[in-house]
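Chain by chain, the residues:
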Amino acid sequence: MGLSVSEQETTISFMRDSDICTVYTSDSTVMTKLDKLAESKKAPHWKLKEEHRLQGGELVGKTYETHKRLISFRADIAIREMTDEQKEAAVERIKEWREKKKQE
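About the thresholds
Residues numbered from 1 in each chain as written. Predicted model: local features only at pLDDT ≥ 70, side-chain atom pairs only at ≥ 80, totals over all residues. Heavy atoms only, no water. Helix = DSSP H or I, 4+ residues; strand = E, 2+ residues; numbered from the N terminus. Buried < 20%, exposed > 50% of the residue type's maximum accessible area, 1.4 Å probe, protein only. Core = buried A, V, L, I, M, F, W, Y, C linked by side-chain atoms within 4.5 Å. pLDDT = per-residue confidence, 0-100. 1 Å grid on protein atoms, 1.4 Å probe; cavity = no way out; pocket = protein on both sides within 12 Å on 5 of 7 lines; lining within 4 Å. Points joined across faces, edges and corners; volume = space filled by probe spheres on them. Nonpolar A, V, L, I, M, F, W, Y, C, P; charged D, E, K, R; others polar.

1. Some details on the environment of E96
Line of reasoning, step 1. Here E96 shows up in helix 2 (residues 84-103).
Line of reasoning, step 2. Spatially, the C-alpha atoms of E96 and M31 are 28 Å apart, while their sequence positions differ by 65 residues.

Written as structure tokens, this is what we have:
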């Protein structure tokens with residue numbers, strides 16, 4: 001992608017009288033997350049609406065559409081405290097999940 005990190009942005013827009021929300025992003029990390037949602041059958045409300053490219057064809061941004069109820073504003077940042085045993089159990093669950101995904 002051709003934009004520097006300081007130039008990458010994400011804009012969320014919705015009207016009070018509409019259920020639709022538009023998300024424009026030129027942030028490559030956010031774009032990856034939203035691409036996964038737009039391609040997932042488990043996230044039917046997320047849709048890729050438009051790709052934005054420079055004249056040379058280089059991708060610089062994308063616009064997505066979703067239901068505005070899927071946008072969340074939180075009051076605080078949650079910090080999860082885990083014991084060493086809980087961390088080990090979580091690692092094992094992730095390993096099992098990855099193995100299961102490989103077999104699908």
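2. A look at the environment of L54
Line of reasoning, step 1. Turning to its location among the elements, L54 is positioned in the loop between strand 3 (47-53) and strand 4 (59-67).
Line of reasoning, step 2. Residue classification places L54 among the partly exposed positions, given a relative accessible area of 45%.

3. Points about the nonpolar core
Line of reasoning, step 1. In this structure, C21, V23, M31, L34, A43, W46, Y64 and I71 together form the largest nonpolar core, which totals 8 residues.
Line of reasoning, step 2. At the level of elements, strand 2 (20-25) and helix 1 (28-39) are the ones that each hand at least two residues to this core.

4. Comments concerning the confidence of the model for the protein chain
Line of reasoning, step 1. Here the protein chain averages 93 in pLDDT, while 99% of its residues score no lower than 70.
Line of reasoning, step 2. For the protein chain, per-element mean pLDDT is lowest for helix 2, which scores 92, and highest for strand 2, which scores 98.

5. Some thoughts on the layout of surface pockets
Line of reasoning, step 1. Approximately 170 Å³ is the volume found for the largest pocket.
Line of reasoning, step 2. In terms of lining, the largest pocket is formed by T10, I12, V23, V30, K33, L34, L37, W46, L70 and I71.
Line of reasoning, step 3. Mapped by element, the contributors of at least two residues to the lining of the largest pocket are strand 1 (10-14) and helix 1.
Line of reasoning, step 4. In terms of residues, the lining of the largest pocket owes the most to one element, helix 1, which gives 4 residues.
Line of reasoning, step 5. Classifying every residue of the lining of the largest pocket gives 8 nonpolar, 1 polar and 1 charged.

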